[in-house]
Amino acid sequence: GENVEQHPSTLSVQEGDSAVIKCTYSDSASNYFPWYKQELGKRPQLIIDIRSNVGEKKDQRIAVTLNKTAKHFSLHITETQPEDSAVYFCAASIRTNAGKSTFGDGTTLTVKP
Amino acid sequence: DTEVTQTPKHLVMGMTNKKSLKCEQHMGHRAMYWYKQKAKKPPELMFVYSYEKLSINESVPSRFSPECPNSSLLNLHLHALQPEDSALYLCASSQDRGELARNTGELFFGEGSRLTVL
């Protein structure tokens, strides 16, 4: 089955700095890679996703890159703000079978004002 | 409406109680899921319903019993739980493979039901 590894487990940055979270996956059949943000006591919410037919996707301060050959993908947050503080989970799945998403263990991001 | 609604938000039960968690979505999604989440851990898949039929049971103990009365509703019946079952139970939905052209793959999560077993 799929195995997703996520690093780092915790990340602390100063407000305005950039944050990068990296994930690797094992199953070459995976073609859908979402990132979920979960604030304390709240639900996981999709913040950005990428499909295997593109290498990079950007949405304002958030970007995701995908290297299919190396089987890794990364989340980049620029100009971080305190409200970016949360747990971030990467996941990998076959797009038409999202329920079988394999999640990384999560990264706790703290943005210090 | 892009919401998945779960009730109750909090539940405290004894090991001999019977209770149920409820989930509802009106996005026309045909796949619905139950996840269990412990603090600072990723969601752990328990059950998947596809077109109202149970398609995946991730070897969940029988003290958890899912039910999908119709395409909008999903229940999780709880009986004789253990203290280690205390967790956040998340319901989610997604478009299923039957709608490939519109299938974004995104999981829509509810806010969860926080369960404490005494």
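What counts and what doesn't
Residues numbered from 1 in each chain as written. Chains lettered and ligands numbered in written order. Predicted model: local features only at pLDDT ≥ 70, side-chain atom pairs only at ≥ 80, totals over all residues. Heavy atoms only, no water. Disulfide = S-S within 2.5 Å. Helix = DSSP H or I, 4+ residues; strand = E, 2+ residues; numbered from the N terminus. Pairing = 2+ DSSP bridges. Axes fitted to C-alpha atoms, helices over the stretch in contact; angles between N-to-C directions. Phe/Tyr/Trp six-rings, centres within 6.5 Å; stacked < 30°, edge-to-face > 60°. Buried < 20%, exposed > 50% of the residue type's maximum accessible area, 1.4 Å probe, protein only. 1 Å grid on protein atoms, 1.4 Å probe; cavity = no way out; pocket = protein on both sides within 12 Å on 5 of 7 lines; lining within 4 Å. Points joined across faces, edges and corners; volume = space filled by probe spheres on them. Nonpolar A, V, L, I, M, F, W, Y, C, P; charged D, E, K, R; others polar. Salt bridge = Lys/Arg side-chain N within 4 Å of Asp/Glu carboxyl O.

What follows deals with the state of the cysteines. In this structure the tally under the stated criterion is two disulfides over all chains. Covalent S-S linkage joins C23(A) and C90(A), the inter-sulfur distance amounting to 2.0 Å. Residues C23(A) and C90(A) are joined by a disulfide whose S-S torsion is about -100°; by sign, that bridge is left-handed. Of the two residues, C23(A) is situated in strand β3 (residues 19-25) and C90(A) in strand β9 (residues 86-92); the sequence distance between them amounts to 67 residues. C23(B) shares a disulfide with C91(B); S-S distance 1.9 Å. Handedness of the C23(B)-C91(B) disulfide follows from its S-S torsion of about -70°: it is left-handed.

A few words on the sheet that holds strand β8 (residues 72-77) of chain A. Residues and elements named next belong to chain A. Ordered in space as β1-β3-β8-β7-β6, the five strands form an open sheet in which the pairing is antiparallel. In this open sheet, the two edge strands, each paired with only one partner strand, are β1 (4-7) and β6 (56-59). Direction aside, neighbouring strands of the sheet carry axes that sit 15° apart on average. Looking at chain direction, β6 and strand β7 (residues 62-67) are connected through four bridges and run antiparallel. Within β7, the position partnered with K58 by the bridge is A63.

With that settled, the discussion passes to the packing of aromatic side chains. Each aromatic ring pair is specified by the distance between its two centres and by the angle formed by the two planes. In the structure shown here, the tally under the stated rule is eleven aromatic pairs over all chains. Residues F89(A) and F103(A) carry aromatic rings whose centres are separated by 6.4 Å and whose planes lie at 90° to one another, so their mutual orientation is edge-to-face. Of this pair, F89(A) sits in strand β9 while F103(A) sits in strand β10 (residues 102-103), and the two are 14 residues apart along the sequence. By relative accessible area, which is 1% here, F89(A) ends up buried. Taken together, the ring pairs in this structure connect Y36(A), F89(A), F103(A), Y33(B), Y35(B) and F109(B) into an aromatic cluster.

What follows deals with empty space enclosed by the protein. Residue and element names in this part refer to chain B. Enumeration over the complete set of coordinates arrives at one cavity of 30 Å³ or more. A volume near 50 Å³ is recorded for the largest cavity. Along its surface, the largest cavity is lined by H29, R30, A31, M32, Y49, Y51, E52, C68, N70 and S71. Mapped onto the lining of the largest cavity, the elements with two or more residues apiece are β4 (31-37) and β7 (64-70). Considering only residue class, the lining of the largest cavity consists of five nonpolar, three polar and two charged.

Attention now moves to the sheet that holds β7(B). All names here are of chain B. Spatial strand order, β1-β3-β8-β7: four strands in an open sheet with antiparallel pairing. Each edge of the sheet is formed by a strand with only one pairing partner; in this case those strands are β1 (4-7) and β7. The sheet shows a mean angle of 20° between the axes of neighbouring strands, direction not considered. Two strands pair when backbone bridges link them, and β7 and strand β8 (residues 73-79) are joined in this way by five bridges, in the antiparallel orientation. Counterpart to F64 in the pairing with β8 is L78.

Here we come to the pattern of salt bridges. Tallying each qualifying case throughout the model produces seven salt bridges over all chains. In this structure, K57(A) and D49(A) form a salt bridge, with 2.8 Å as the shortest nitrogen-oxygen distance. For R30(B), the salt bridge identified is with E52(B), shortest N-O distance 2.8 Å. Of the two residues, R30(B) is situated in the loop between β3 (18-25) and β4 and E52(B) in the loop between β5 (44-50) and β6 (53-57); the sequence distance between them amounts to 22 residues.

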